[in-house]
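Structure at a glance
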Amino acid sequence: MILFEQVSKVYPDGTTAVDGLSFEVAEGELVTLVGPSGCGKTTTMMMVNRLIEPTSGRILVGGEDIAGTDPVALRRRIGYVIQQVGLFPHRTVLDNAATVLTLTGRRKGPARARAAELLELVGLDPATYGSRYPAQLSGGQRQRVGVARALAADPPVLLMDEPFGAVDPVVRERLQNEFLRLQATVRKTVLLVTHDIEEAVRMGDRIAVYGAGRIEQLDTPAAVLGAP
Ligand code: ADP
Ligand code: ADP
């Protein structure tokens, strides 16, 4: 579903962030990218929705070289969840979840109906929380709205950058488990960046272990843990 072929990224200041990366993520697979800060995880991920362009190599999504795609159309097929969710403070939770749908031309009624289903899916009762504003939610609940919003257009691919990083450890574990249950039903192709090896092990079908700009190991959690 996602294929990296010899992808490198050198930033204008000369920093090589990613160096000759080649790997493949199968449809419906969740791959966690784990490693210390600054090793190229975020750069890897942001090249998939063309927020960053590779210096060399190519990336295919669904068999198509993304260099030739319209970035806006591409991002409709790729949900993006980040640590600081960035909800619109003056819109209700329901309208936040519906944002992508109304932006892509759906009428308000159907968009809100779909948004309510999505809130249900991420464990927020739309009747209770739909009419609240983001400031009236806990951190964990805001993160759930972020996931709902990313799923709104039903994209085949989800990019998640430290999605559970901003909440306390107890809530984090709950969100991780909820997301795994959700993933068992929606089966998205997921790249999930984390610097937490426990999260990588718990969440990943496979784990990509990063060292400076490269993947040093790409294997199942059991194999990574068993490695010398
Ligand atoms: P990670 O997500 O693993 O923390 P990043 O992909 O953010 O790593 O960064 C990889 C390397 O690229 C780091 O050395 C970082 O400082 C550098 N880098 C990231 N963004 C930029 C940028 N816009 N300009 C220059 N260097 C950058
Ligand atoms: P979570 O485990 O989802 O992070 P918390 O334990 O932080 O939830 O919050 C528990 C309850 O407190 C939630 O039902 C939430 O609605 C409520 N709550 C948290 N912060 C606020 C707030 N700023 N205003 C109103 N209610 C809040």
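Everything in this summary refers to the structure shown in the same document.

Cut-off values and rules
Residues numbered from 1 in each chain as written. Chains lettered and ligands numbered in written order. Predicted model: local features only at pLDDT ≥ 70, side-chain atom pairs only at ≥ 80, totals over all residues. Heavy atoms only, no water. Helix = DSSP H or I, 4+ residues; strand = E, 2+ residues; numbered from the N terminus. Rg over C-alpha atoms; globule rule 2.2 N^0.38 Å. Buried < 20%, exposed > 50% of the residue type's maximum accessible area, 1.4 Å probe, protein only. Areas by Shrake-Rupley, 256 points an atom, 1.4 Å probe, with all protein chains shown as cover. Core = buried A, V, L, I, M, F, W, Y, C linked by side-chain atoms within 4.5 Å. Contact = heavy atoms within 4.5 Å. Near = heavy atom within 4 Å. Polar contact = N/O pair within 3.5 Å; in protein donor to acceptor, adjacent residues only side chain to side chain. Phe/Tyr/Trp six-rings, centres within 6.5 Å; stacked < 30°, edge-to-face > 60°. Lys NZ or Arg CZ within 6 Å of the ring centre and 35° of its normal. Nonpolar A, V, L, I, M, F, W, Y, C, P; charged D, E, K, R; others polar.

A word on the overall build of the protein chain. Per the secondary structure count, the protein chain includes nine helices and 10 strands. In terms of C-alpha radius of gyration, the protein chain reaches 18 Å, essentially the compact-globule figure of 17 Å for 228 residues. Seen through its C-alpha atoms, the protein chain measures out along the principal axes to roughly 50 × 40 × 35 Å. The proportion of buried residues among the 228 residues of the protein chain is 47%. Split by element, the accessible area of the protein chain, about 10,500 Å² in all, is 52% carbon and sulfur.

So, about the nonpolar core. Note on soluble globular proteins: their nonpolar side chains tend to be buried together. Of all hydrophobic cores here, the largest spans 34 residues; its most connected members are Leu119, Val147, Met160 and Phe179. Contributions of two or more residues to this core are made by helix 3 (93-103), helix 4 (108-121), helix 6 (139-151), strand 7 (157-161), helix 7 (169-186) and strand 8 (189-194). What Val147 contacts, discounting residues up to four positions off in sequence, is Val81, Val122, Met160, Phe179 and Leu182. Ranked by size, the runner-up nonpolar core spans 26 residues in total, among them Ile52, Ile59, Ile78 and Val157.

Residues in close proximity to ligand 2 include Tyr129, Arg132, Ala135, Gln136, Leu137, Ser138, Gly140, Gln141, Arg144, Val171 and Arg174, which together make up its full environment. Within the side chain of Ser138, a nitrogen or oxygen atom sits 2.9 Å from an oxygen atom of ligand 2. Arg144 places a side-chain nitrogen or oxygen 3.5 Å from an oxygen atom of ligand 2. For ligand 2, whose unbound accessible area comes to 560 Å², protein coverage reaches 51%. Secondary-structure elements contributing two or more residues to the shell around ligand 2 are helix 6 and helix 7.

Evaluated as defined, the whole model comprises one aromatic pair. Ring centres of Phe4 and Phe23 lie 4.6 Å apart, and the angle between their planes is 10°; on these two criteria the pair is classed as stacked. Of this pair, Phe4 sits in strand 1 (residues 2-10) while Phe23 sits in strand 2 (residues 16-25), and the two are 19 residues apart along the sequence. Each member of the pair Phe4 and Phe23 is classed as buried. For the cation-ring pair, Arg91 lies above Phe88, with the distance from its terminal atom to the ring centre recorded as 4.3 Å.

This brings us to the environment of Gly204. Here Gly204 is to be found in the loop between helix 8 (197-203) and strand 9 (206-211). Accessibility expressed as a relative area gives 10% for Gly204, which makes it buried. Residues Gly204 and Arg214, 10 residues apart in the sequence, show an inter-C-alpha distance of 18 Å.

A separate point is the site of ligand 1. Around ligand 1, the surrounding shell consists of Tyr11, Asp13, Thr15, Ala17, Pro36, Ser37, Gly38, Cys39, Gly40, Lys41, Thr42 and Thr43. The separation between an oxygen atom of ligand 1 and a polar main-chain atom of Gly40 is 3.1 Å. One nitrogen or oxygen atom from the side chain of Lys41 is found 2.9 Å from an oxygen atom belonging to ligand 1. Coverage of ligand 1 by the protein chains reaches 62% of its 560 Å² of free accessible surface. If one sorts the elements of the shell around ligand 1 by residue count, helix 1 (residues 41-48) sits on top with three residues. For the shell around ligand 1, the per-class residue count stands at four nonpolar, six polar and two charged.

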